[in-house]
Amino acid sequence: GFYLPGLAPVSYCENEKENCKSNIPVYVNRLVSIESIIPYEYSAFDFCEPVGSPSSPTENLGQVLFGERIRPSPYSLKFNENKTCEKACVRKYDTSKKEDFDKLKFLQYGMLFSYENRWIVDNMPIAWCYQTTSNENFCSTGFPIGCYVDEKGNPKDACIIDENYRDHKNSYILFNHVAITIHYNKVSSDEARLVKAELEPSSIKTGDCNLHAEPLVIPHPDKDDKMTGTVEIPYTYSIAFVENTEILWASRWDYILGSLPHTNIQWFSIMNSLVIVLFLSGMVAMVMIRSLHKDIARYNDMESVVIITEKTSDKAMLDTVPDLGTECRFCNTFEEAQEEFGWKLVHGDVFRPPSKAMLLSVLNGVGTQVISMTFITLVFACLGFLSPANRGALGTTSVLVFICLGTVAGYVSARLYKTLGGEKWKTNVITTSFLISGYHWSGFQSLPLGLQTPFFAMGILFIVFVLFFVMNLILWGEKSSAAIPFSTLIAILALWFGISVPLTFIGAYFGYKRRPLEHPVRTNQIPRQIPEQVLYTKPLTCILMGGVLPFGCIFIQLFFILNSIWSHQLYYMFGFLFLVVIILVITCSETTILLCYFHLAAEDYRWWWRSFLTSGFTAVYFFLYAIHYYISKLAIEGFASAILYFGYTLIMTIMIFLFTGTIGFTACYYFVTKIYSVVKVD
């Protein structure tokens, strides 16, 4: 764990005094499952409620957006006060009553899909530590509410911890007792800090906390989906405090983080990515030093030949010209000197504005916004501001930074669009109608160019917002804790229209105030005919190939990120992620530059859209990998969960497409501008 100011330690003592507490509050978070994407609040399963109406901790924007719902619990802890068998509450269900039957059935649903409790004490998860089948100690941040034994006596998930559970076929085993152990490290004679919290769940039919008693079994409903009789569930707990001098407060998360995937796999991912980068760097160096450098030298030497042969017939002067071959040495026109080579032939067309220039400029503007947000957030994460102990900080930072960077999107989009001329922006009607419905507003086409660009930039965010809103409707229908309250949606819209939109307009205003980017060569009025292309230089082939290497750099890291999102694991290796993102940027740039050079050498000057789509196709491979991950790694069931998974995956795909596409376009634009600025062109 890496802590910064704002996460100060709390001291506890037996007798409360100033700056030293005796009562230790226990909080409960949402319940999650690896078999379902839909989380639920603690109260949804009719567990024990706290006495009175204690207030819940204040939640930040990131916690609300990601569905964290931290609530007070009925479990009362006082420092260094052990409890052997404390009763939290007793729940009774009369199965003849529909309300009770529905509550009990939903509890069975939670056990069938392996929903887990997430408890918090002193801003630290209460972990469930157990031995794995490979005899390794694993600590999970959650513990199951129960488990299920099928009709054949096969235990599912947590039911394997006790062989006796196999005897209760087609039944649910509810873990209604928890033994909590709190480890503390003394900082003075009467003050201590909590350094570890763990629990052991048990199923006990009676309320006497006898661990050897029969488990609390809830039978599965019959074929007619009915149950008979009354079910009584006593919820109990025990508390034990243990002094631990080996664990320091600053490293108290290590026993949990140590159970996550080890860093040697991460280093393997980095080395795999570096090998790809070195291979690409060698290819780029070969192109730049051998092919490109020689081409430029020969072009410039030919220019000298043309000038000399046109101005003089002095043989002595001609002898000073480098020997470039008899045919070229005495050529009389510049065009004849060009015929041998490829990429210089298209100098009069290479900066010809592409079709759908408005859409291209908007994609690059919003892509620059996504890139800036990513790096700023990663810098804060690497510095420790966004550690797992600072709940919701990652989501809050990402959203706020993205909103505040609307100026960047507006500026880049507006200036690039101005550079591209913008005469053909009306050809974007069909495409842009999917970006923002406001295009069909009758006054839209009469807007000045400086106003059209931010409207299109907002359209990209509009797509994401619509997807997000649809996902939220599904969560509302499922009564999930991840459903964002209406007030929070209003707040997000206020941030969007009140901050992001004005900043986008401001950025677009300053972008149009600046002069357009200057190109080193003039564009001919008549487009040059593009020769027939071979298979490996055709657009579709290059776009398909372009995303392979960038995806190869990140796919191992993607596994850990997807595990963190969908398997509810902690992710804290932001240093590795930062390195992988840097490698991704380099790989996208080098791949696009290589393919761009091959296209120009084949006298195909249509590089604008191709450069964006070549590296942007990495997002398509990400989506395909997400499908593979869903099929092979996850055990998610239910149509709603599938819709949510692919809906959120589509949002991530859009962000990756914008990120990688903008990187590729920027690298190719710089490369093309650079090579045509160092050759002499009439």
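Note that the structure is a prediction, hence the values are computed from the model and not measured.

Trainee: Explain the confidence of the model for the protein chain to me, and be specific about the residues and the numbers.
Mentor: Averaged over every residue, the pLDDT of the protein chain is 79; the share at 70 or more is 82%. The least confident element of the protein chain, judged by mean pLDDT, is helix 11 (residues 429-433) at 29; the most confident is strand 14 (residues 177-186) at 93. Within the model, the stretch residues 306-318 combines pLDDT values under 50 with 14 contacts to residues more than four positions away or in other chains. Low pLDDT (under 50) marks residues 424-450, which in the prediction has 46 contacts with non-local residues, meaning those over four places away or in another chain.

Trainee: Report on the sheet that holds strand 13 (residues 171-174), specifying residues and quantitative values.
Mentor: The antiparallel open sheet is built from three strands, whose spatial order is 12-13-16. This sheet does not close on itself; its edge strands, each paired only once, are strand 12 (146-149) and strand 16 (217-219). Across the sheet, the axes of successive neighbouring strands diverge by a mean angle of 25°, strand direction being ignored. Pairing geometry for strand 13 and strand 16, over three bridges, is antiparallel. Note that in strand 16 the partner of Ile173 across the bridge is Val217. Packed onto the sheet, helix 2 (residues 98-112) meets strand 12, strand 13 and strand 16 and runs at close to 85° relative to strand 13.

Trainee: Give a detailed account of helix 14 (residues 539-546), specifying residues and quantitative values.
Mentor: Of the positions making up helix 14, those classed as buried are Cys542, Ile543 and Gly546. One side of helix 14 carries all its buried residues, which in axial view fall inside an arc of 100°. Contact partners of the buried residues in helix 14: helix 15 (548-566), helix 16 (574-601) and helix 17 (608-616).

Trainee: So what about the environment of Trp119? Which residues, and what values?
Mentor: Residue position: Trp119 is located in strand 7 (residues 119-121). Each C-alpha atom of the pair Trp119 and Leu31 lies 9.5 Å from the other, and the pair is 88 residues apart in sequence. For Trp119, the contacting residues outside a window of four places in its chain are Tyr27, Val28, Tyr42, Tyr75, Met124, Pro125, Ile126, Phe143, Val178, Ile180 and Leu199.

Trainee: Residue-level account of the pattern of salt bridges, with values.
Mentor: Evaluated as defined, the whole model comprises 15 salt bridges. A salt bridge links Arg71 to Glu59, with the shortest nitrogen-to-oxygen separation between them at 3.1 Å. Here the residue Arg71 occupies a position in strand 4 (residues 71-78), and Glu59 occupies one in the loop between strand 3 (36-40) and helix 1 (61-65), the gap between them amounting to 12 residues. Taking the relative accessible area as the measure of exposure, Glu59 reaches 24% and is therefore partly exposed. The residue Glu232 makes a salt bridge to Lys92 at a minimum N-O spacing of 3.8 Å.

Trainee: Could you give me a rundown of the side chain of Thr377, with the residues and numbers involved?
Mentor: Along the polypeptide, Thr377 turns up in helix 8 (residues 357-382). Setting aside residues no more than four positions away along its own chain, Thr377 makes contact with Leu386, Leu394, Thr397 and Ser398.

Trainee: Outline the state of the cysteines, supporting the account with residue identities and numerical values.
Mentor: Evaluated as defined, the whole model comprises five disulfides. Each sulfur of the disulfide joining Cys85 and Cys209 lies 1.9 Å from the other. On the sign convention where negative is left-handed, the bridge of Cys85 and Cys209, at about 75° about the S-S bond, is right-handed. With Cys85 in strand 5 (residues 83-94) and Cys209 in the loop between strand 15 (192-202) and strand 16, this pair connects stretches of sequence that are 124 residues apart. Each sulfur in the disulfide pair Cys129 and Cys139 lies 2.1 Å from the other.

Trainee: How would you summarise the nonpolar core if you had to cite specific residues and measurements?
Mentor: Counting 151 residues, the largest nonpolar core has Leu107, Trp119, Ile218, Ile233, Trp607 and Val672 as the members making the most contacts within it. The element best represented in this core is helix 19 (residues 639-677), accounting for 16 residues.

Trainee: With reference to specific residues and values, describe the packing of aromatic side chains.
Mentor: Evaluation of the coordinates by the stated rule reveals 46 aromatic pairs. For the pair Phe79 and Phe241, a centre-to-centre distance of 5.7 Å together with 70° between the ring planes defines the contact as edge-to-face. Of the two residues, Phe79 is situated in the loop between strand 4 and strand 5 and Phe241 in strand 17 (residues 230-243); the sequence distance between them amounts to 162 residues. The exposure class assigned to Phe79 is buried, which follows from its relative accessible area of 6%. The class of Phe241 is buried, set by a relative accessible area of 9%. An aromatic cluster of at least three residues, connected via ring pairs, comprises Tyr40, Tyr42, Phe45, Phe47, Phe106, Tyr109, Phe113, Tyr115 and Tyr235. Of note, Lys196 hangs over the ring of Tyr255, and the distance from its end group to the ring centre comes to 5.1 Å.

Conventions we followed
Residues numbered from 1 in each chain as written. Predicted model: local features only at pLDDT ≥ 70, side-chain atom pairs only at ≥ 80, totals over all residues. Heavy atoms only, no water. pLDDT = per-residue confidence, 0-100. Helix = DSSP H or I, 4+ residues; strand = E, 2+ residues; numbered from the N terminus. Contact = heavy atoms within 4.5 Å. Pairing = 2+ DSSP bridges. Axes fitted to C-alpha atoms, helices over the stretch in contact; angles between N-to-C directions. Buried < 20%, exposed > 50% of the residue type's maximum accessible area, 1.4 Å probe, protein only. Arc of directions from axis to C-beta. Salt bridge = Lys/Arg side-chain N within 4 Å of Asp/Glu carboxyl O. Disulfide = S-S within 2.5 Å. Core = buried A, V, L, I, M, F, W, Y, C linked by side-chain atoms within 4.5 Å. Phe/Tyr/Trp six-rings, centres within 6.5 Å; stacked < 30°, edge-to-face > 60°. Lys NZ or Arg CZ within 6 Å of the ring centre and 35° of its normal.

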